[in-house]
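Structural overview
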Amino acid sequence: MIASSHTISVLVDNEPGILARVVGLFSGRGYNIESLTVAETDAKENLSRITIVTAGTPMVIEQIKAQLDRLVPVHKVRDLTVEGPHIERELALVKVKSSGDKRVEALRLADVFRAKVIDAKMDSFVFEVTGNSDKVQTFIGLMEGLGLVDVGRTGIVAMSRGGDAL
Amino acid sequence: MKPEESATTGADLLVKALIDEEVEVVFGYPGGAVLPIYDSLFKQNRLRHILVRHEQAAVHAAEGYARSTGKVGVVLVTSGPGATNAVTGLTDALMDSVPIVCLTGQVPTHLIGNDAFQEADTTGITRPCTKHNYLVKAVGDLARVVHEAFYVARSGRPGPVVIDLPKDVLMNKHDYVAPKKPVQHKSYRPQVKPDPKKVEEAIELIAGAKRPIFYAGGGIVNAGPKASKLLTQFVHMTGYPITNTLMGLGTFPASDKQFLGMLGMHGTYEANLAMYHCDVMINIGARFDDRITGKLTEFSPKSKKIHVDIDPSSINKNVRVDLAVVGDAGHVLEEMIRVWKARQPKVDHKALKAWWAEIDKWRERNCLAYKQDKETIKPQYALERLYHHIKDRDHYITTEVGQHQMWAAQFLKFEQPNRWMTSGGLGTMGYGFPSAMGVQIAHPDALVIDVAGEASIMMNIQELSTVAQYRLPVKIFILNNQYMGMVRQWQELLHGGRYSESYMESLPDFVKLAEAFGAVGLRCHEPDKLDDTIQQMIAIKKPVVVDVLVDKTENCFPMIPSGAAHYDMLLGPDDRAAKPVSEEGMVLV
């Protein structure tokens, strides 16, 4: 069986320890986490949404979903990868320190990638780039030759296409 | 009304909540952080507190209480070491799906995180070994959390729940609001009733089987005594053979001719071979544990598998099944019986007859045979005699972990559920004695016997003090071979007979030890005096420790060595040279 990457959305009660529960489940059972994002998404109902990208054989993915669903504060578990088309986005902050041609090239590429300059000094930029992980990764890769000094990434958030809610 | 006038302290409120949950007994040990609770317990007489001598024993006692009654077992321990000592018991309860609510004290909220005296990160430590846990930060949440904890512990696949209680929360005041019944949990709602279509499909598969077998586990015990009756009824309706897991013993009467005995690593020849050769396997409330399956690629390769389980995460975890029915075993069996009756399916009687003939041939191997001589007591013989003397009495059996446990599973017969308490998943030495205390508390007039080994019993021997205090007439039946027998057996079979640290040196004189705690000690080493000793043990209405000196080198057979397949069974001592254990098997436990 071939391991493949799955993006899973989990709706949970926003309570202390919930993230530890989810992360502990993955480490305790030897599953991978490729990306993890979490934030409150419904203040009134006190709910958070966790987006996990994980890899495994179909049997392991099935287990991961069942194990997540079994946690008491978990409301819903959805495997976006198998449940139809979905969109994924990631945001990265990319700091580049350079001068002369390299500085100009960094700015030009940022424009191509529709990255925003959100901080500028005479010898540095911080770019904000948004897109799917491939795009973000490509942009970071290009900056490596142009004075890249720092990267911060949010990890993936994802949502199904169409009108259905989680 | 001002809150101060009507309100009660967190500790009083906790006690009220426990009484509303119909708790009768709490197993515990006091300490600084839980003093307010002990003060509240002192001022009432509805709840009975049993003072154990170690917190691990408190959890095992609560497990024994829970498994023998079907109720939730309740534990009360202090912060720090009280909580960490309870961890083994909690893990045991998680692995064996036993409903427990464990109340742990905690340092006051303003000290949490300061490395205060007797502080431990209890919710952090117990997160992976509980079904769920709570840290109560405000007294206003306390009653709700307690009621929710009981709901979570007993619903779905049962398990242990910890409630961590900071001392200031126990002392602050708040009104008590009785729980709404039934509890509507906002996210945890396990599926109890099965999908009727799946049941129909299952019946179709079951009815069409030529070489069927039922494989029933602890899920049926947890579904209540009615589920065992339904299982028995359904198995009788079909005429098919059935085997039980270690945890499932008693869910089908052992004396019934359709019963093949326990399966798995030390299961019977007929049960394991029937599992290997079957064409339809009906797993109800068991989880394809590695002690059951042996080598996964060789596990029942030709069968269609039906798996009934209340926990969807048990399905397709180790073994891929053809049909999954999620639901409570009792409800599923009820549906199965209903559909079977409605359809009146035509079973292939000819095929079934041939299948039984094959099984009977395997039975003829008499895989549990042993040779008793006049000199030394064989452990199997000791258990056969024990069973002979208790079978007509109202009795409950608990065990420790090791060879004696497997022999007890093989040689004692269980006709009803809730009569057999053993540590299956975690394999906790030291489980049996405190568990027996819990059983005896729940069933004061019954005969409660802990079948023990001399190594295991030493792990919670301090509880002799507890049985003395509460005059619990628990019987400890030690099969004393002066070795950690199962360790020694593996060293003999897998490690060239190098008995590294498995000899039990400097054992106490168990008779004197019993007497030191005000119990009665008996010893027996001659086969012809065994019956007398057992009868004496039963007759004494006090705690009794029986030291049965048994053959030191006896091994537990049949045995499927780790990593081997069901057909690769060792049936006796002469079998061992022929089948060396694979390298792959050596790394398994």
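First, a word on what this report is: a plain description of the structure on this page. (Residues numbered from 1 in each chain as written. Chains lettered and ligands numbered in written order. Predicted model: local features only at pLDDT ≥ 70, side-chain atom pairs only at ≥ 80, totals over all residues. Heavy atoms only, no water.)

**So, the nonpolar core**
All names here are of chain B. Leu383, Leu386 and Phe477 are the most contacted members of the largest nonpolar core, which totals 109 residues. Among the elements that line this core, the one with the most residues is helix α14 (residues 329-343), at seven residues. The residues that make up this core include at least three from each of domain 2 (196-363) and domain 3 (379-549). With residues up to four places along the chain from it excluded, the contact list for Leu383 reads His404, Trp407, Ala408, Phe411, Leu412, Val451, Phe477 and Leu479. Ala61, Tyr431, Val448 and Ala514 belong to the second-largest nonpolar core, a separate cluster that totals 45 residues. (Core = buried A, V, L, I, M, F, W, Y, C linked by side-chain atoms within 4.5 Å. Buried < 20%, exposed > 50% of the residue type's maximum accessible area, 1.4 Å probe, protein only. Helix = DSSP H or I, 4+ residues; strand = E, 2+ residues; numbered from the N terminus. Domains from an automatic or database assignment. Contact = heavy atoms within 4.5 Å.)

**A look at the interface of chain A and chain B**
Contact residues are listed per partner, giving 15 residues for chain A and 19 residues for chain B. Taking both partners together, chain A and chain B bury about 1,500 Å²; carbon and sulfur atoms supply 50% of that area. The three residues of chain A that bury the most area against chain B are Arg21, Met59 and Val72 of chain A, which together make up 42% of that side's buried surface. Here Arg70 of chain A and Asp311 of chain B are joined by a salt bridge, their closest N and O atoms 2.7 Å apart. The interface formed by chain A and chain B holds seven residue pairs in polar contact (both at pLDDT 80 or more) in total. Per element, the largest residue contribution to the side of chain A that touches chain B is six residues, and it comes from helix α2 (residues 58-70) of chain A. Looking at side-chain class alone, the side of chain A that touches chain B contains six nonpolar, four polar and five charged residues. (Buried area = accessible area lost by both parts, 1.4 Å probe. Salt bridge = Lys/Arg side-chain N within 4 Å of Asp/Glu carboxyl O. Polar contact = N/O pair within 3.5 Å; in protein donor to acceptor, adjacent residues only side chain to side chain. Nonpolar A, V, L, I, M, F, W, Y, C, P; charged D, E, K, R; others polar.)

**As for helix α7 (residues 139-154) of chain B**
Because the α-helix completes a turn every 3.6 residues, residues three or four places apart line up on one side. All names here are of chain B. The end-to-end C-alpha distance of α7 is 24 Å, a good match for the 22 Å that 16 residues give at a rise of 1.5 Å each. Its maximal kink placed at Val145, α7 deviates by approximately 25 degrees. The element α7 is extensively covered by neighbouring structure, given that twelve of its 16 residues are classed as buried. Among the residues making up α7, those that are buried are Val139, Leu142, Ala143, Val145, Val146, His147, Glu148, Ala149, Phe150, Tyr151, Val152 and Ala153. Immediately downstream of α7, the backbone of Gly156 shows phi near 60 degrees, a positive value. (Expected span 1.5 Å × (residues − 1). Bend = angle between axes of the 7 residues up to and from the residue.)

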